[in-house]
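Next come the chains, spelled out residue by residue.
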Amino acid sequence: MSFFKTLDVNEDNDKKAGELETAENVKCLIIGSGPAGYTAAIYAARANLNPVIIQGMEAGGQLTTTTEVENFPGYPEGVTGPVMMEDLKAQAERFGTDVRWGEVTSVDFSKRPFNVIVDNKKPFLAESVIIATGATAKYLGLESETKFKGAGVSACATCDGFFYKGLNVAVVGGGDTAAEEASYLASLAKQVYLIVRKPYMRASKAMIKRVENTPNIEVLYEHNTKEVTGTNVVTGATLVKRMGEADEQEVKIKIDGFFAAIGHKPNSDLFKEYIDTDEIGYIKTIPGTSKTNVAGVFAAGDIQDSIYRQAVTAAGSGCMAALDAEKFLAEQE
Ligand code: NDP
């Protein structure tokens, strides 16, 4: 049972009073600070909803861990992810968005105003909530991978690539993230192995071309990672190469860094008791809207999008969520 559920912040509960700070009433609470959250904040602030945005563990969202963003409209020369997120934050704050540090630790969406607790101590009573918590990088799940996390294993080339200047690294995955991470690492590292489990990559054609034309990237098609090896830090990996239907061959590579780039998990666990999700965990919204199954709770960005997952589509859905919340609140009055 969550901490929150032992406590009703609507009641003056003397026994528990010391455990929680005073509840704050807000018209529109936005959870998550990626392009979806900040765009929702810009629209909500301009509609006088006085939004409060809870930034979450990864302030700025996934884009803060990316390098160049070349496909966001309005930046003809491209922009780095962190700069774009700072721009979005500044734009949201310009219209009065209240940006808070902290992580939402529990929610109660069973009645309005919705109870949302930040860092186990700060309750908010929200007339409407926009969930924009995005998705988190996945790892392969190997024991050896866990052992070397922070000692050669990472899921963020932009965060950790610098440490591998002139060294050898491997990236696992065949999507756009893997292609992007491999390209970025190739500009720093001596040699990049891109480990792809299928005989082809699912990344966009442009990204595949870029990867295949980069001299220090070697794409290892039909390879799976068996183990990341080393003593205190990563020094290699053991791969298994598929050789036709039944045949396999073990391949050892010497590497100093191992980057997982195999996709993301939607950050919806906290809401599942109240909010309908699909089998993977993506929040279900009513098609063409940002509405969830709970009236007054909306979802925007990667948390509800398993298909497009782009910064610009996340921003667009953040706009939709703010407009839906504004309409919802107007109807309640
Ligand atoms: P994807 O889900 O597209 O790709 C994941 C990749 O990881 C697939 O190639 C998959 O293999 C592989 N994979 C999954 N599990 C394993 C495993 N256990 N072992 C080995 N390989 C595994 O995720 P991405 O993060 O790459 O992309 C997500 C979305 O974001 C996409 O829509 C993408 O286009 C978009 N994106 C866009 C960018 C841009 O426009 N600049 C940059 C980055 C992402 P398999 O193919 O065999 O299933």
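A quick note: this is a predicted structure, and the numbers were derived from the prediction, not measured. (Residues numbered from 1 in each chain as written. Predicted model: local features only at pLDDT ≥ 70, side-chain atom pairs only at ≥ 80, totals over all residues. Heavy atoms only, no water.)

Residues in close proximity to the ligand total 19 residues, the closest being Gly174, Asp176, Thr177, Arg197 and Arg202. Top contributing element to the shell around the ligand by residue count: helix H5 (residues 176-186), with three residues. Per-class residue counts for the shell around the ligand are five nonpolar, eight polar and six charged. Composition of the shell around the ligand by domain shows at least three residues from each of domain 1 (5-136 + 265-332) and domain 2 (139-260). (Near = heavy atom within 4 Å. Helix = DSSP H or I, 4+ residues; strand = E, 2+ residues; numbered from the N terminus. Nonpolar A, V, L, I, M, F, W, Y, C, P; charged D, E, K, R; others polar. Domains from an automatic or database assignment.)

With that settled, the discussion passes to the sheet that holds strand S10 (residues 153-154). In spatial order, the strands read S10-S17-S11-S12-S13; together these five strands make up an open sheet with parallel pairing. Either end of the sheet is taken by a strand with one partner, and the two such strands are S10 and strand S13 (217-221). Sheet topology note: the strand S12 (residues 191-196)/S13 ladder contains five bridges and is parallel. Within the sheet, the bridge partner assigned to Val196 lies in S13 and is Tyr221. Contacts between H5 and the sheet are confined to strand S11 (168-172), S12, S13 and strand S17 (257-260), with S11 contributing the most and set at about 170° to the helix. (Pairing = 2+ DSSP bridges. Contact = heavy atoms within 4.5 Å. Axes fitted to C-alpha atoms, helices over the stretch in contact; angles between N-to-C directions.)

Accessible area lost during the coming together of the parts is what is often quoted as the interface size. What the domain assignment reports for the protein chain is domain 1 (5-136 + 265-332) and domain 2 (139-260). Computed over C-alpha atoms, the centres of domain 1 and domain 2 are 33 Å apart.

The description of two aromatic rings rests on the distance between their centres and on the angle between their planes. Scanning the model with the defined rule gives seven aromatic pairs in all. A ring pair is formed by Phe72 and Tyr75, whose centres lie 6.3 Å apart and whose planes are at 55°; its orientation type is tilted. We classify Phe72 as buried; its relative accessible area is 15%. A residue is classified by how much of its surface remains accessible, and Tyr75, at 23% relative accessible area, is partly exposed. One aromatic cluster is present, built from ring pairs that chain together Phe109, Phe114, Phe271 and Tyr274. One residue, Arg46, lies across the ring of Phe95, its end atom 4.8 Å from the ring centre. (Phe/Tyr/Trp six-rings, centres within 6.5 Å; stacked < 30°, edge-to-face > 60°. Buried < 20%, exposed > 50% of the residue type's maximum accessible area, 1.4 Å probe, protein only. Lys NZ or Arg CZ within 6 Å of the ring centre and 35° of its normal.)

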